[in-house]
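Working through the structure, step by step
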Number of protein chains: 2
Amino acid sequence: MGSLDFYFDFSSPYGYFASTRINELAKRYNHRVDWHPFAGEAFKPSTTGTSLVQNPAKRDYTRKDYVRSAAFHQIPFKLPSVFPLETRIAARAVMWTESKFGEDKGIALAQAIFKAYYVEDKNIGDPQTLVAIGEALGLNGEELTQGINDSFTKEQVRAELDLATARGVFGSPFVLLDGEPFWGFDRLDQLEAALQAKSA
Amino acid sequence: MGSLDFYFDFSSPYGYFASTRINELAKRYNHRVDWHPFAGEAFKPSTTGTSLVQNPAKRDYTRKDYVRSAAFHQIPFKLPSVFPLETRIAARAVMWTESKFGEDKGIALAQAIFKAYYVEDKNIGDPQTLVAIGEALGLNGEELTQGINDSFTKEQVRAELDLATARGVFGSPFVLLDGEPFWGFDRLDQLEAALQAKSA
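Residues numbered from 1 in each chain as written. Chains lettered and ligands numbered in written order. Predicted model: local features only at pLDDT ≥ 70, side-chain atom pairs only at ≥ 80, totals over all residues. Heavy atoms only, no water.

1. Concerning empty space enclosed by the protein
Summary: where empty space remains is shown by rolling a probe the size of a single water molecule over the atoms. Residues and elements named next belong to chain B. What counts, and what does not: Buriedness for pockets is judged along seven lines, at least five of which must meet protein on both sides within 12 Å for an open set on the 1 Å grid over protein atoms alone, while cavities are sets there where a 1.4 Å probe fits but cannot get out, and lining residues have an atom within 4 Å of a point. Grid points are joined across faces, edges and corners, and a volume is the space filled by probe spheres set on the points. Secondary structure elements are taken from DSSP: a helix is a run of H or I of four residues or more, a strand is a run of E of two residues or more, and numbering for both begins at the N terminus. Residues are grouped as follows: Ala, Val, Leu, Ile, Met, Phe, Trp, Tyr, Cys and Pro are nonpolar; Asp, Glu, Lys and Arg are charged; all remaining types, including Gly, are polar.
Summed over all chains, the structure comprises 2 cavities of 30 Å³ or more. Quantified by volume, the largest cavity comes out at close to 40 Å³. For the largest cavity, the full set of lining residues is Tyr-7, His-36, Pro-37, Phe-38, Ala-39, Val-157, Glu-160, Leu-161 and Ala-164. Elements with a contribution of two residues or more to the lining of the largest cavity: strand S2 (31-37) and helix H9 (151-166). It is H9 that provides the largest number of residues to the lining of the largest cavity, a total of 4 residues. Of the residues that constitute the lining of the largest cavity, the class distribution is 7 nonpolar, 1 polar and 1 charged. Volume-wise, the second largest cavity comes out at about 30 Å³. What lines the second largest cavity is Phe-6, Ala-18, Pro-173, Val-175, Phe-182, Gly-184 and Leu-188. Taken together, the residues of the lining of the second largest cavity sort by class into 6 nonpolar, 1 polar and no charged.

Written out as structure tokens, the structure reads:
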């Protein structure tokens, strides 16, 4: 069974869109997915160009495009009232959960966080909200709180970002399949073609 | 018969990709296309964020994506040896041709310029090259040269850019259908859905 790396920022609606498809897509070609939360760096000028806020026309277009694309692809979506927001704590929660309970539990938490933010309009920048989401998945709230604040977890999140940057990841969503990069929800079709070619 | 506005920069490969599809797509839904060359502004920070050159990882990815996307969509493409380049003169040539001989002749010239740049690797920043492309379409080389340097043509190109910016256009390719914006070759599927809904 092959695997691919899925990088995303919880503050990226296109990352959320991809999160609703990536596992099923990979599974069709006998691949598993390693989920890598991207600690809120994806929208910094250093990694993806001028912040949308600096270009009102682009910002307005993009907000319209989120809604229109979600409808086009039949993905439940509501632009959060607090958007974008700091996702470092959410990334830590997922990273800690993966380390302690494995990839599948980490993915389940990441999916629950995406849903809380883009469907239920919850503020996932708030630690209490994140802990409640974790508890709903059966995690121990106190342990999760400690995990989020653990210096090892913080170091892991920083190290993941450095590694991702070193691998050429600069935006969200970003997929690496055998070193081949696919940036954006719009590239899942070309990712599928690559998976197809690989399994042929 | 309805119409839609197609904005593009000759220095934008995704604009070229869209140029190979937009007329046929519009025609299927009984729409005609007004082509608007975008005078090399589309890649300036003021309109589309940090220049790709400022982010090596993004620049390298994008160059790979041009080639991969062209192959995926079966569009003839070769990254030009001089890329990107100043496209103001090419925009003037098309603008002058449209004004003097009508939209269809302007579109034919724009398509020939795209082909010269992305298929034949000709330097379309060079006036002589542009004039030769025009002559191959039956235009008078001396008239075209005068037209390119005509102050009225220059003013037209500036005015088109101001109008486009006022309409919220900030990148290439960009389509406006009854005021609804579609940015990027990746949005032709949603543009088609809008044309379908309109004709339903």
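Having seen it, we continue.
2. Details of the packing of helix H5 (residues 88-101) of chain A against helix H9 (residues 151-166) of chain A
All names here are of chain A. In plain terms, the rule: Each axis is a line fitted through C-alpha atoms, taken for helices only over the stretch in contact, and angles between the N-to-C directions span 0 to 180 degrees. Each angle gets one of four labels, with under 35 degrees taken as roughly parallel, over 145 as roughly antiparallel, 65 to 115 as roughly perpendicular, and the rest as oblique. By definition, residues are in contact when any of their heavy atoms lie within 4.5 Å.
At their nearest, the axes of H5 and H9 sit 9 Å apart, and the two run at 105° to each other. Relative to H9, the element H5 lies roughly perpendicular. Together, Ala-91, Arg-92, Met-95, Trp-96 and Ser-99 of H5 and Thr-153, Lys-154, Gln-156, Val-157 and Glu-160 of H9 make up the contact between the two elements. Its residues placed into classes, the contact of H5 with H9 shows 4 nonpolar, 3 polar and 3 charged.

3. Some details on the sheet that holds S2 of chain B
Residues and elements named next belong to chain B. Selection rule: At least two DSSP bridges between two strands are needed for those strands to be called paired.
Read from one edge to the other, the open sheet built from 4 strands follows the order S2-S1-S3-S4, with strand pairing classed as mixed. Edge positions in the open sheet fall to S2 and strand S4 (180-183), since each of these has one partner strand only. Neighbour to neighbour, the strand axes of the sheet diverge by 20° on average, direction disregarded. Where strand S3 (residues 174-177) meets S4, 4 bridges bridge the pair, whose relative direction is antiparallel.

4. Considerations on the packing of helix H10 (residues 188-199) of chain A against helix H4 (residues 56-72) of chain B
Where H10 of chain A contacts H4 of chain B, the axes come no closer than 11 Å and their chain directions differ by 75°. Here H4 of chain B runs roughly perpendicular to H10 of chain A, going by the angle between their axes. On H4 of chain B, the residues that touch Asp-189, Gln-190 and Ala-193 of chain A of H10 of chain A are Asp-65, Arg-68, Ser-69 and Phe-72 of chain B. Within the contact of H10 of chain A with H4 of chain B, the residues separate by chemical class into 2 nonpolar, 2 polar and 3 charged.

5. Some words on the relation of the copies chain A and chain B
Filter applied, for reference: Here the copies were fitted onto each other by least squares, based on C-alpha atoms from residues at pLDDT of at least 70 in both.
Mapping chain A onto chain B is achieved by rotating through 180° and translating by 0.0 Å along the same axis, at an RMSD of 0.0 Å. With respect to symmetry, the two chain copies, as superposed, fit the operation of a two-fold axis. Both copies present the same face, since 100% of the interface residues in chain A are matched by interface residues at the equivalent positions in chain B.

6. Focus: the nonpolar core
Our working definition: By nonpolar core we mean a set of buried residues, namely Ala, Val, Leu, Ile, Met, Phe, Trp, Tyr and Cys, connected to one another through side-chain atoms within 4.5 Å. Burial here depends on accessible area, computed with a 1.4 Å probe over protein chains only, as a share of the maximum for the residue type. Under 20% is buried, over 50% is exposed, and the range in between is partly exposed.
Ranked by size, the top nonpolar core spans 46 residues in total, and within it Leu-4, Phe-10, Ile-22, Trp-35, Ile-113, Ile-124 and Leu-191 of chain B carry the most contacts. The dominant element in this core, judged by the number of residues it contributes, is helix H6 (residues 103-118) of chain B, at 8 residues. Dropping the residues within four chain positions of it, Leu-191 of chain B is found in contact with Leu-4, Ile-22, Leu-25, Val-175, Leu-177 and Phe-182 of chain B. Counting residues in hydrophobic clusters, the runner-up holds 45 residues, among them Tyr-66, Tyr-118, Ile-148 and Leu-191 of chain A.

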